[in-house]
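Now for the letters of each chain:
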Amino acid sequence: MRKSCLALSNSGEAAGGRLTGEVLLENVLTEIDSLLSQGILSNSREVSGLLGVVEDTLMLIGPQLRDTHTTMETDHTATELAVRRGQTPPIGPISLANDNVRLDTSWETATGNGTYPGFTLAGLVCYKTVERSVNNSFQYLTDTDTDTATATASKPNYQISSKVVTAFVSNPATEHLTQPVILTFKHLQVRAESAEMNYTCVFWSEGRVHEEGGAWSRSGCTKVTSNATHTVCSCSHLSSFAVLMALYPVQNTFELRLLTWLGLSMSVVCLLLCILTFWLCRSIQETRTTIHLHLCVCLFIADLVFLTGISHTQSKVGCGFVAGLLHLFFLGSFSWMLLEGVQLYRMVVLVFNTTIRPLYLHAVGYGLPLTIVIISAVTYPDGYGTTQHCWLSLERGFIWSFFGPVCTIIILNTFFFIITVWRLAQKFSSLNPDLSNLHKIKVFTVTAVAQLCVLGTMWIFGVFQFQEEGTVVMTYLFTILNSLQGALLFIMHCLLNKTVREEYGKLLSCICTPLKNRYSEVSTTNPSSSHSQGSRSAETTGESQI
């Protein structure tokens, strides 16, 4: 700021000490651009300082402008000033506007009831980049407890949804206007209000209200109307204004909790059956079975942790640990699916030696996700656990430490599956195809593609589920798919496998045979005893007749 003041002073000296209002305005806005381009706004106190200095400076420059209407736009600001001079105060409506906001008031409001100095000034400054400079400060609202919507729902998370503007007039008494001013804001993104989101009109309240230097407040500002693109605000005072987007977390209804518990419990049971099948069934032991075993182990642990700990956000350390486990084992499930794609590719391309060594399998299946988790935890340890879920934070793009590897694995597996199908088609069309082996690989490929689709689709909805603006529909879709994945894996890899069905049949016969033998023993014992009793009765009858 000191350098900026010196620059303005030097420009005045260069012009012989006589500067017009237009030159002053251009110089000030140029210096403001220089400040904002350096990203100096790191906290709310600096925001308050900038907004106050700009407003005070423009109120001094405004009366020196020659034109009655002046518009000036720079890289970081869009400024519009209107001045009326005369012996009597001006009357009538005033409308100042740019691409992002419109101010509607009257000359009577701008003049006020005090002494008329011979001119009336009204101004509007729109800051094009300030909302990105101090986003954390711009998400704080001082009077959340006074909001009836907040009182009846969970505490919302606020995001700025418009450009920041400063509206000012020459009237020195603007704290309680007799006639409110109307501000029409254009939203930064097109989005209609819903049960999970609404718009709030706010002004910047300086340090006397908030000890850290300033924060947003809705006092004196009300929302007149709102749609997907614009919000109209009515304010009884003048200051710096904006529109905040209040994001209310999706409520955990009884139906959703019941669906989660029932579905995930069924998924955990089915995954446990899969694990026992792949572990104990000797007739299906091969590399692909090992891959399925560890895939189900990863999903079993992930679902169990998800079921018991996803919402336990009370302890930051515990929540971070749960998020780390989910990150590790959900990544592990995708790593084992990548190995399945590689194994299918080797089965089709290589005739011999298609087995992958267990050391290599475990190095990729568990080593790769563990490496990613360790690097992520060291880089940004606060990224594990949020206020709403024990999952990865959305800040600093940390969520891509999960979705980045997942997207890469899905792309790689899609490539492997396309090559596998293409080579299968070639082998089927050859003169002497090994039909039994090719049909086996064909079934393996179909189930692998279906498996990838189930988990991939689940995490497509999972992206929206764990976003702050997650909707009820996405929550239910994610919960249903997350609940069904264990059952679908059990059906695809166990019930639809003829060898496994035969093993199940042998197991059932082993269980049923002792019961059948016991029943047979009881059945054969009863007729003999009744027969002997009948013989004795006949002998007794014969003796009595004789």
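A brief structural summary. Treat the numbers as computed from the prediction; the structure is a model and nothing was measured. (Residues numbered from 1 in each chain as written. Predicted model: local features only at pLDDT ≥ 70, side-chain atom pairs only at ≥ 80, totals over all residues. Heavy atoms only, no water.)

1. Details of the packing of helix H9 (residues 316-349) against helix H10 (residues 358-379)
Between two packed helices, both the angle of their axes relative to each other and the distance between the axes serve to describe the pair. As a reminder, the rule being used: Under this scheme, a helix contributes an axis fitted over its contacting stretch, all axes are lines through C-alpha atoms, and angles between N-to-C directions fall in the 0 to 180 degree range. We count a stretch as a helix when DSSP gives it H or I for four or more residues in a row; a strand needs E for two or more, and each element gets its number in order from the N terminus. The crossing is said to be left-handed when, going from far helix to near helix, the turn is anticlockwise and less than a right angle, and right-handed when the turn is clockwise. Contact criterion: two residues are considered in contact whenever any of their non-hydrogen atoms come within 4.5 Å of each other. Basically, the charged four are Asp, Glu, Lys and Arg, the nonpolar ten are Ala, Val, Leu, Ile, Met, Phe, Trp, Tyr, Cys and Pro, and anything else, Gly included, counts as polar.
At a minimum axis separation of 8 Å, H9 and H10 run at an interaxial angle of 145°. The hand of the H9/H10 crossing is right-handed. Residue-level inspection shows Gly324, His327, Leu328, Leu331, Gly332, Ser335, Trp336 and Leu339 of H9 in contact with H10, the latter providing Leu361, His362, Val364, Gly365, Tyr366, Leu368, Pro369, Leu370, Ile372, Val373 and Ser376. For the contact of H9 with H10, a count of residues per class yields twelve nonpolar, seven polar and no charged.

2. Regarding the sheet that holds strand S4 (residues 101-106)
Inclusion rule: Two strands qualify as a pair provided DSSP detects at least 2 bridges between them.
Strand order in the open sheet formed by five strands is S3-S4-S8-S12-S11, and the pairing between neighbours is antiparallel. Here the strands that pair on one side only, and so sit at the sheet edges, are strand S3 (93-97) and strand S11 (221-226). Ignoring which end each strand starts from, the neighbouring axes of this sheet average 20° apart. Bridge analysis of S3 against S4 gives five bridges, and the strand direction is antiparallel. Within S4, the residue paired with Ala97 across the bridge is Arg102.

3. Quick look at a nonpolar patch on the surface
What counts is decided by this rule: Exposure above 30% relative accessible area and no salt bridge define the residues that can form patches, which grow by joining like charges within 9 Å and nonpolar side chains of Val, Leu, Ile, Met, Phe, Trp and Tyr within 5 Å. A 1.4 Å probe and the Shrake-Rupley method give the accessible areas. Residues count as covered only by the protein chains that appear here. Criterion for a salt bridge: a side-chain nitrogen of Lys or Arg within 4 Å of a carboxyl oxygen of Asp or Glu. We call a residue buried when its accessible area falls under 20% of the maximum for its residue type, exposed when it is over 50%, and partly exposed in between, using a 1.4 Å probe and counting protein chains only.
Together, Met266, Ile480, Leu484, Leu488, Ile491, Leu495 and Leu496 give the surface a local cluster of nonpolar side chains, amounting to about 550 Å² of exposed area. Top element by residues in the nonpolar patch is helix H13 (residues 472-495). It accounts for five residues. Inspection of the secondary structure puts Ile480 in helix H13. Overall, the relative accessible area of 36% leaves Ile480 in the partly exposed class.

4. Examining the packing of helix H8 (residues 287-309) against H9
Put simply, the rule is: An angle below 35 degrees is read as roughly parallel, one above 145 as roughly antiparallel, one from 65 to 115 as roughly perpendicular, and any other as oblique.
Between H8 and H9, the least distance of the axes is 9 Å, while the angle of their chain directions is 160°. The orientation of H8 with respect to H9, classified from their angle, is roughly antiparallel. Note on packing geometry: the crossing formed by H8 with H9 is left-handed. Grouping the constituent residues of the contact of H8 with H9 by class yields 17 nonpolar, seven polar and three charged.

5. Quick word on the pattern of salt bridges
In total, this model carries six salt bridges according to the counting rule given. The closest approach of N and O atoms between Arg66 and Glu22, which form a salt bridge, is 3.5 Å. Of this pair, Arg66 sits in the loop between helix H3 (44-61) and strand S1 (69-73) while Glu22 sits in helix H2 (residues 21-37), and the two are 44 residues apart along the sequence. Residue Arg66 is classed as exposed on the basis of its relative accessible area of 62%. With its nearest N and O atoms 2.6 Å apart, the salt bridge here joins Glu193 to Lys223. Separated by 30 residues along the polypeptide, Glu193 in the loop between strand S8 (181-186) and strand S9 (197-206) and Lys223 in strand S11 bring together distant segments of the chain. When its relative accessible area of 34% is taken as the criterion, Glu193 is described as partly exposed. Here Lys223 falls in the partly exposed class, since its relative accessible area comes to 33%.

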